[in-house]
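# A structural walkthrough
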Amino acid sequence: QVQLVESGGGLVQAGGSLRLSCVASGRTFSTYAMGWFRQASGNEREFVATIGSRGRTTYFQDSVKGRFTISRDNAKNTVYLQMNTLKPEDTAVYYCAAGSGTALSLKSQKIDYWGQGTQVTVSS
């Protein structure tokens, strides 16, 4: 069993930055692909970014490419989402996810574990 705990959400003005963190419990973090998804009010949950177990492969939703970066520190059991140049349309609850497959399969929502989510609000 893996537990995921997100932090770092909050309220920020458009153009600002936030860094989300997700800490995983357990000894097998380094074997999981990790990712971030988001769900805006009234919308379905959508893929944002994923990273392979070794951190060598990443995928991003087109709307965040060039603005968001995903990284991981396997020694700290932590995955990060650095969000720059934030826009009001980035407002959502952001969820951390872990999958035993690849970053690509995680992108397709083959997910084993979810975090509880953290709210990101971008004001205009």
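Here, every reference points to the structure presented above.
Note that this is a predicted model, so its numbers are computed, not measured. (Residues numbered from 1 in each chain as written. Predicted model: local features only at pLDDT ≥ 70, side-chain atom pairs only at ≥ 80, totals over all residues. Heavy atoms only, no water.)

## With respect to the side chain of Thr-78
- Among the structural elements, Thr-78 can be located in strand S8 (residues 78-83).
- Accessibility expressed as a relative area gives 6% for Thr-78, which makes it buried.
- At a separation of 2.7 Å, a polar atom in the side chain of Thr-78 contacts the main-chain carbonyl oxygen of Lys-76.
- Apart from residues lying up to four places away in sequence, Thr-78 is in contact with Ser-21, Cys-22, Val-23, Phe-29, Ser-71, Arg-72 and Asp-73. (Helix = DSSP H or I, 4+ residues; strand = E, 2+ residues; numbered from the N terminus. Buried < 20%, exposed > 50% of the residue type's maximum accessible area, 1.4 Å probe, protein only. Polar contact = N/O pair within 3.5 Å; in protein donor to acceptor, adjacent residues only side chain to side chain. Contact = heavy atoms within 4.5 Å.)

## Some words on the sheet that holds strand S3 (residues 18-24)
- Taken in spatial order, the 4 strands of this open sheet run S1-S3-S8-S7, and their pairing is antiparallel. Only two strands of the sheet have a single partner each, and these edge strands are strand S1 (4-7) and strand S7 (68-73). For this sheet the average axis-to-axis angle between neighbouring strands, irrespective of direction, equals 15°.
- Bridging between S1 and S3 involves 4 bridges; their strand directions are antiparallel. Counterpart to Glu-6 in the pairing with S3 is Cys-22. (Pairing = 2+ DSSP bridges. Axes fitted to C-alpha atoms, helices over the stretch in contact; angles between N-to-C directions.)

## Considering the packing of aromatic side chains
- Here the structure, examined in full by the defined rule, presents 4 aromatic pairs.
- For the pair Phe-37 and Trp-114, a centre-to-centre distance of 5.3 Å together with 75° between the ring planes defines the contact as edge-to-face. Here Phe-37 is found in strand S4 (residues 33-39), whereas its partner Trp-114 is found in strand S10 (residues 113-114), with 77 residues between them in sequence.
- Accessibility expressed as a relative area gives 0% for Phe-37, which makes it buried.
- With relative accessibility at 33%, the residue Trp-114 sits in the partly exposed group. (Phe/Tyr/Trp six-rings, centres within 6.5 Å; stacked < 30°, edge-to-face > 60°.)

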